[in-house]
Amino acid sequence: MFGQTYQQDYVEQRRRMVRDQLAARDITDQKVLRAMGSIPREKFIPERWRSEAYADRAVPIGLDQTISQPYMVAIMTQLLALDDNHKVFEIGTGSGYQTAILAKIAKEVFTVERIAELTERAKNVLKELGITNVHFKIDDGTLGWPEFSPYDRIIVTAGAPNIPQALTDQLADGGIMVIPVGPMEHQTLMKVSKRGEQIFKEPILSCRFVKLIGKQGWEDE
Ligand code: SAH
């Protein structure tokens, strides 16, 4: 009985999140609103922090990492202008929540995470949700995943000191990448577009992400 009460409560919290944190701001892409209205965010958060699942902020997921704020997931996904024929590359699987949102809208998602335990957890949740169009890898994502490149869309969910060259190289012609770039304490979410040989960079908003650690990211301490 309690279980059911909690379930219904999460359904209501999810409805409110979509209305008050997303639609009431500037999230207008119906695909994004629908995906975020359907994926149970609480399943991606360890029990200790689960009651915070629909809070308007990033929430810890253990191992010093966080699940991004719902609005941040939404705006990044909206900036990608996703289509159901897109192949997407994600760096920083983390909880797998952003992965699930991408997988709901796009054709295929390739996601890389450097912490094996997070990949294992994310795999299990996506399996439970019946999401099958995701390919996982445990590795340093700053070098991309050349084998399946080029990617129509690339999303980086950790803060980078610079835009890794490998990622720009693996972006398809006409592709879009979103990536937080800047010092460790605060970054600027950048939208990077590729047209032929040309790369366009547009700053979108200020943000704060955990560090992107890797060969073309920050050094591990
Ligand atoms: N999208 C995730 C965000 C997780 S936080 C979510 O909403 O749950 C960022 C993640 O990036 C962390 O799990 C961290 O371990 C991972 N990360 C950091 N540097 C990385 C790298 N070079 N390659 C792959 N993953 C990386």
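See the structure printed just above.
Now for a quick tour of the structure. (Residues numbered from 1 in each chain as written. Predicted model: local features only at pLDDT ≥ 70, side-chain atom pairs only at ≥ 80, totals over all residues. Heavy atoms only, no water.)

1. Notes on the pairing of strand S9 (residues 198–207)
Bridging between strand S8 (residues 187–195) and S9 involves 9 bridges; their strand directions are antiparallel. Residue Val192 lies in a different strand from S9, and its bridge partner there is Lys201. Here S8 hands over to S9 after 2 residues, with Gly196 in that stretch at a positive phi of 60°. (Pairing = 2+ DSSP bridges. Helix = DSSP H or I, 4+ residues; strand = E, 2+ residues; numbered from the N terminus.)

2. What to know about the pattern of salt bridges
Taken as a whole, this structure holds 12 salt bridges when the rule is applied. Residue Asp139 is joined to Lys137 by a salt bridge in which the shortest nitrogen-to-oxygen separation is 3.4 Å. Take Asp139: its relative accessible area is 36%, and that puts it in the partly exposed class. For Lys137, a relative accessible area of 24% corresponds to the partly exposed category. Between Glu221 and Lys211 there is a salt bridge, with the nearest N and O atoms lying 3.2 Å from each other. With a gap of 10 residues between them, Glu221 in the segment after S9 and Lys211 in the segment after S9 connect regions that are remote in the sequence. One salt-bridge network, in which partners are shared between bridges, spans Glu12, Arg15 and Arg16. (Salt bridge = Lys/Arg side-chain N within 4 Å of Asp/Glu carboxyl O. Buried < 20%, exposed > 50% of the residue type's maximum accessible area, 1.4 Å probe, protein only.)

3. Quick word on the packing of aromatic side chains
The final tally for this structure, using the stated rule, is 7 aromatic pairs. Their ring planes at 75° and their centres at 5.5 Å tell us that Phe44 and Tyr97 sit as a pair that is edge-to-face. Taken together, the positions of Phe44 in the loop between helix H2 (30–38) and strand S1 (59–62) and Tyr97 in helix H4 (residues 97–105) put the pair 53 residues apart, joining distant regions of the chain. Of the two residues, Phe44 and Tyr97, neither departs from the other in class, the shared state being buried. Ring plane angle 20° and centroid distance 4.9 Å describe the contact between Phe89 and Tyr151, whose orientation is recorded as stacked. Within this pair, whereas Phe89 is found in strand S3 (residues 87–91), its partner Tyr151 is found in strand S6 (residues 151–156), the two being separated by 62 residues in sequence. (Phe/Tyr/Trp six-rings, centres within 6.5 Å; stacked < 30°, edge-to-face > 60°.)

4. Observations regarding the nonpolar core
Formed by 48 residues in total, the largest nonpolar core has its most connected members in Leu22, Met36, Ile75, Tyr97 and Leu189. Of all the secondary-structure elements, those providing two or more residues to this core are helix H1 (2–23), H2, S1, helix H3 (70–79), H4, helix H5 (116–128), strand S7 (171–181) and S9. Counting residues per element, this core draws most heavily on H3, which supplies 7 residues. When neighbours within four sequence positions are excluded, Ile75 is seen to be in contact with Asp26, Ile27, Leu189 and Leu205. Formed by 18 residues, the second largest nonpolar core is a distinct cluster that contains Trp145, Ala160, Leu167 and Val181. (Core = buried A, V, L, I, M, F, W, Y, C linked by side-chain atoms within 4.5 Å. Contact = heavy atoms within 4.5 Å.)

5. Some thoughts on the site of the ligand
Inspection of the region around the ligand gives 25 residues, with Ser95, Glu113, Asp140, Gly141 and Ile213 positioned closest. One nitrogen or oxygen atom from the main chain of Gly92 is found 3.4 Å from a nitrogen atom belonging to the ligand. The contact in question runs from a nitrogen atom of the ligand to an N or O atom on the side chain of Asp140, over 2.9 Å. Burial of the ligand by the protein amounts to 99% of the accessible area it has alone, namely 590 Å². Applying the majority rule of atoms within 2 Å of the grid points places the ligand in the largest pocket. Mapped onto the shell around the ligand, the elements with two or more residues apiece are strand S2 (65–67) and strand S4 (108–113). Tallying contributions element by element places S2 first for the shell around the ligand, with 3 residues. (Near = heavy atom within 4 Å. Polar contact = N/O pair within 3.5 Å; in protein donor to acceptor, adjacent residues only side chain to side chain. Areas by Shrake-Rupley, 256 points an atom, 1.4 Å probe, with all protein chains shown as cover. 1 Å grid on protein atoms, 1.4 Å probe; cavity = no way out; pocket = protein on both sides within 12 Å on 5 of 7 lines; lining within 4 Å. Sits in = over half its atoms within 2 Å of the grid points.)

6. Considering H2
In an α-helix, one turn spans 3.6 residues, which is why side chains three or four residues apart end up on the same side. Here H2 has its buried residues at Val32, Leu33, Ala35 and Met36. Along H2, the residues classed as buried sweep out an arc of 165° about the axis, all on the same side. A distance of 2.9 Å separates the backbone nitrogen of Lys31 from a side-chain oxygen at the start of H2, and that oxygen is part of Asp29. (Arc of directions from axis to C-beta.)

7. A look at the side chain of Asp29
Among the secondary structure elements, Asp29 is positioned in the loop between H1 and H2. The buried charged residue Asp29 lacks any salt bridge, with Lys31 as its nearest oppositely charged partner at 5.5 Å. (Lys, Arg positive; Asp, Glu negative; His and termini not counted.)

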